[in-house]
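# Commentary on secondary and tertiary structure
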Amino acid sequence: MGSIGLILAIVTNGCRGDEPPGLAAPPVELLSNQASEVVAAEKAVTVIRTRSRGQIARHLGCCDGSGAVRLNRELMAVVNDEDSLLRVYDMYESGAPKQTLDLTEFLNREGQEADLEALATIGNRLFGIASHARSKEGKKRKGRRVFFALDFEFKGNQLSFSPVGRPYENLLEDLTEADEFENLELKKASKKDGDSDKALNIEGLCSTPDGKLMLGFRAPVRGGDAFVIVLVNPHGLLMGRKPVWEGYHRLDMKDRGIRGLARLGATYYIASRRDE
């Protein structure tokens, strides 16, 4: 699977309107020496420092972005857990999204919060996943249990997206019923309300070099370890097939859950924070 390293603590000011202190010396580095650093969040602003060009870009319209992935050298796709919009930004320019795609109809959310948490790409296919957690009131919500994909294509300066198959909505049942994950007690965790630090909650998604996907869990944490589960056939799920698993990997992260996953070559990077 390659090496897994660079465990990081995420520090955020959420969506407060005040300018975070110490902006010139951000407390968090994500993918250090690569791509960008997540610095903080302002009201309706995602603040990103782009290391390679020595400037700060403020991307408007998306507060508390929960998942992002690069589409090419300049553009990134971003989702958050408050709406069903996919936003495309120029990583190096401040301003509004270059493109916004409303996924509500495709995801069949019927007005429900989608709770989108993470994005990943395999070739020109963009995968997205929701948390699969219950609501904070402990209610099951169809809108929070979705796995989907879009194909994207560049033609000159134009970027287009097209839906792939149908969103898959049975992943939670597949995970909780799988014998190979019995000792992770996922079924027990899936019954807790979404605000519990012991509730099942997926917040990381990352491709492997051989075309699989890794699912990163914010919770539960078992014996101080976080874990990732490897999905062998992500494309098949979109055609209605059942998932094929390659097991899971436990990571000694000192009671911290996974808040984000990324890969550069054969090295995986983890964004992490201990839930209080």
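Reference entry: report on the structure contained in this document. (Residues numbered from 1 in each chain as written. Predicted model: local features only at pLDDT ≥ 70, side-chain atom pairs only at ≥ 80, totals over all residues. Heavy atoms only, no water.)

One pass over the full model with this rule turns up seven aromatic pairs. A centroid spacing of 6.4 Å and a plane angle of 85° characterise the contact between Phe-106 and Phe-148, whose relative ring orientation is edge-to-face. Residue Phe-106 is located in helix 1 (residues 104-107), and its partner Phe-148 is located in strand 11 (residues 147-155); the two are separated by 42 residues in the primary sequence. Taking the centre distance of 6.4 Å and the plane angle of 45° together, the rings of Phe-152 and Phe-161 count as tilted. Each member of the pair, Phe-152 as well as Phe-161, is classed as buried. By way of ring pairs, the aromatic residues Phe-152, Phe-154 and Phe-161 are connected into one cluster. (Phe/Tyr/Trp six-rings, centres within 6.5 Å; stacked < 30°, edge-to-face > 60°. Helix = DSSP H or I, 4+ residues; strand = E, 2+ residues; numbered from the N terminus. Buried < 20%, exposed > 50% of the residue type's maximum accessible area, 1.4 Å probe, protein only.)

Right, let's get into the environment of Lys-192. The topology assignment puts Lys-192 in the loop between helix 3 (186-190) and strand 13 (201-207). Residue class for Lys-192 comes out partly exposed when judged on its relative accessible area of 28%. In the structure, Lys-192 is positioned 55 residues away from Glu-137 in sequence and 9.3 Å away in space, judged by C-alpha atoms. Not counting the four nearest positions on each side in its chain, Lys-192 is found in contact with Arg-134, Lys-198 and Ala-199. (Contact = heavy atoms within 4.5 Å.)

Our focus in this paragraph is the nonpolar core. Within the largest apolar cluster, 29 residues are counted, with the highest numbers of intra-cluster contacts made by Phe-147, Leu-175, Ile-229 and Trp-245. When contributions to this core are tallied by element, the ones reaching two or more residues are strand 9 (116-122), strand 10 (125-130), strand 11, helix 2 (171-177), helix 3, strand 13, strand 14 (213-219) and strand 15 (225-231). Residues contacting Ile-229, with those up to four places away along its chain left out, are Leu-175, Phe-181, Leu-184, Leu-186, Leu-213, Met-214, Leu-215, Phe-217, Trp-245, Gly-247 and Tyr-248. Of all hydrophobic cores here, the second largest spans 20 residues; its members include Val-69, Val-88, Leu-107 and Phe-161. (Core = buried A, V, L, I, M, F, W, Y, C linked by side-chain atoms within 4.5 Å.)

Below, the discussion takes up the sheet that holds strand 9. In spatial order, the strands read 9-10-11-12; together these four strands make up an open sheet with antiparallel pairing. Strands at the two margins of the open sheet, each flanked by one partner only, are strand 9 and strand 12 (158-163). If you compare each strand with its neighbour and ignore which way they point, the axes differ by 25° on average. Examined bridge by bridge, strand 9 and strand 10 share six bridges and lie antiparallel to one another. Across the sheet, Ile-122 pairs through a bridge with Arg-125, a residue of strand 10. (Pairing = 2+ DSSP bridges. Axes fitted to C-alpha atoms, helices over the stretch in contact; angles between N-to-C directions.)

Relative to the elements of secondary structure, Ser-131 occurs in the loop between strand 10 and strand 11. Overall, Ser-131 belongs to the buried group, its relative accessible area being 0%. Sequence-distant contacts of Ser-131, defined by excluding residues within four places in its chain, comprise Asp-115, Glu-117, Arg-144, Leu-200, Asn-201 and Ile-202.

These figures capture arrangement, not role.
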